[in-house]
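# Chain and residue survey
Given next are the chains, with one letter for each unit.
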Amino acid sequence: MSLAYPHFLLNFKVYEGTAGEDGLALAETIEAVGAETGTAFAVSPQTPDLRLLAAETDLGVVVQSADALASGRGNGKVSLEAVADAGADGVLINHPESPDSLTDVAHLVESCADFGLESIVCVHSHEMGNAALAFDPDCLLFENPADVATDRAMSRTEPGRLERFVDLVAAEHPRTRVMAGGGISVAEDVERAFDLGVDAAGAASAFLEADDRRAWLRDVAAAIPGSDRLE
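Residues numbered from 1 in each chain as written. Predicted model: local features only at pLDDT ≥ 70, side-chain atom pairs only at ≥ 80, totals over all residues. Heavy atoms only, no water.

## Things to note about the pattern of salt bridges
According to the stated counting rule, one finds 10 salt bridges in the structure shown. Of the charged contacts in the structure, one is a salt bridge between Arg 214 and Glu 36, with a shortest N-O distance of 3.5 Å. Of this pair, Arg 214 sits in helix α10 (residues 213-222) while Glu 36 sits in helix α1 (residues 20-37); the two residues are 178 residues apart in sequence, bridging distant segments of the chain. According to the relative accessible area criterion, Glu 36 is partly exposed, its value standing at 41%. Its salt-bridge partner being Arg 192, residue Glu 188 comes within 2.7 Å of it at the nearest N-O pair. (Salt bridge = Lys/Arg side-chain N within 4 Å of Asp/Glu carboxyl O. Helix = DSSP H or I, 4+ residues; strand = E, 2+ residues; numbered from the N terminus. Buried < 20%, exposed > 50% of the residue type's maximum accessible area, 1.4 Å probe, protein only.)

This is the structure we're talking about:
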């Protein structure tokens, strides 16, 4: 299954209560809110749970990180072949918490295409985005690493910068989508990002630390184009 656009990506990282059966229960909550609101949600679970969530839900599933390597030696690494076989739909590449070299980014994007995986390359500047576009990624996740796990969403603090990035990608490589991340904490951040032209958005800590996760999801869903507005 390919990722639907527009969508909202929930990254579990390694937060407490997101592994195994707990992670599945959380994904089922996300799926239920998506069905209620007509919203496309995707999840990025802890890597050992990829197959579980891909098999037990209809959510888009994105692996948090994979390694650029040939078959053979590589103890402890995560291959794209294994990720694809587990049922993943996409791969986060060059996330600030697991960065890749430019050479590895190129290899991973090309290999994602070979395995039918959506390549989502994380970049933090217009210059980095321009460099990544040369590899023909499916999506660029634009965020300031310092904003991760804060409440400083770029759509609120630097809207002009985000809008210029969207325009850059549209002009240079219109096939590539743009996702907003880093600091998104409330529905207004999401709505502003989509108003500025992004195709997707995502969050981790704001969702996982919310007092009422279901309510938080419903608020976000109402801010995404095409979702059924909730009373």
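Still more to cover.
## So, the nonpolar core
Core analysis: the biggest nonpolar cluster contains 60 residues, and Phe 8, Ile 30, Phe 41, Val 91 and Trp 216 have the highest contact counts within it. Not counting residues up to four positions away in its chain, the partners in contact with Val 91 are Val 62, Val 63, Ala 66, Leu 80, Val 83, Cys 112, Leu 117, Glu 118, Ser 119 and Ile 120. (Core = buried A, V, L, I, M, F, W, Y, C linked by side-chain atoms within 4.5 Å. Contact = heavy atoms within 4.5 Å.)

## So, the pairing of strand β1 (residues 7-11)
Among the 5 residues that make up β1, 5 are buried, leaving the element largely enclosed by the rest of the structure. Here β1 shows two buried faces, one formed by His 7, Leu 9 and Asn 11 and the other by Phe 8 and Leu 10. One ladder, built from 4 bridges, connects β1 with strand β8 (residues 200-203); its direction is parallel. Bridge pairing in β8 links Leu 10 to Ala 203. In this structure, β1 lies alongside strand β2 (residues 41-44), joined through 4 bridges in parallel fashion. Following the sheet pairing, Phe 8 is matched in β2 by Phe 41. Traced from β1 through α1 to β2, the parallel crossover comes out right-handed. (Pairing = 2+ DSSP bridges. Right-handed = clockwise from strand over helix to strand, strands pointing away.)

## Observations concerning the packing of helix α5 (residues 126-133) against helix α7 (residues 159-172)
Interaxial distance between α5 and α7 falls to 11 Å at its minimum, and their mutual angle equals 20 degrees. Comparing their axes, α7 and α5 come out roughly parallel. Our pair here, α5 against α7, has a crossing hand that is right-handed. Here His 126, Gly 129, Asn 130 and Leu 133 of α5 lie close against α7, whose contacting residues are Arg 161, Arg 164, Phe 165, Leu 168, Val 169 and Glu 172. Considered class by class, the residues forming the contact of α5 with α7 number 4 nonpolar, 3 polar and 3 charged. (Axes fitted to C-alpha atoms, helices over the stretch in contact; angles between N-to-C directions. Parallel < 35°, antiparallel > 145°, perpendicular 65-115°, else oblique. Left-handed = near helix turned anticlockwise from the far one by under 90°. Nonpolar A, V, L, I, M, F, W, Y, C, P; charged D, E, K, R; others polar.)

## Let's talk about unusual backbone geometry
Of note, the amide linkage connecting Tyr 5 to Pro 6 takes the cis form, showing an omega dihedral of -5 degrees. Looking at the secondary structure, you find Pro 6 in the segment before β1. In this structure, Lys 13 takes a positive phi of about 45 degrees despite not being glycine. Lys 13 gets classed as buried once you look at its relative accessible area, which sits at 12%. At Asp 136, a position not held by glycine, the phi torsion is positive, near 65 degrees. Tracing the chain through its elements places Asp 136 in the loop between α5 and β6 (139-142).

## Observations concerning helix α8 (residues 187-195)
Quick reminder: α-helices carry 3.6 residues per turn. Residues three or four places apart thus point the same way. Listed as buried for α8 are Asp 189, Val 190, Ala 193 and Phe 194. The buried residues of α8 all sit within an arc of 130 degrees when viewed along its axis, so they share a single face. Buried residues along α8 sit against β1, α6 (154-157), α7, β7 (177-180), β8 and α10. (Arc of directions from axis to C-beta.)

## Focus on the side chain of Asn 11
With respect to the helices and strands, the residue Asn 11 is situated in strand β1. Overall, the relative accessible area of 9% leaves Asn 11 in the buried class. A polar atom in the side chain of Asn 11 sits 3.4 Å from the side chain of Gln 64. When neighbours within four sequence positions are excluded, Asn 11 is seen to be in contact with Ser 44, Gln 64, Leu 92, His 95, Ala 203, Ala 204 and Leu 208. (Polar contact = N/O pair within 3.5 Å; in protein donor to acceptor, adjacent residues only side chain to side chain.)

## What to know about the environment of Thr 103
Checked against the element boundaries, Thr 103 lands in helix α4 (residues 102-115). Each C-alpha atom of the pair Thr 103 and Gly 60 lies 27 Å from the other, and the pair is 43 residues apart in sequence.

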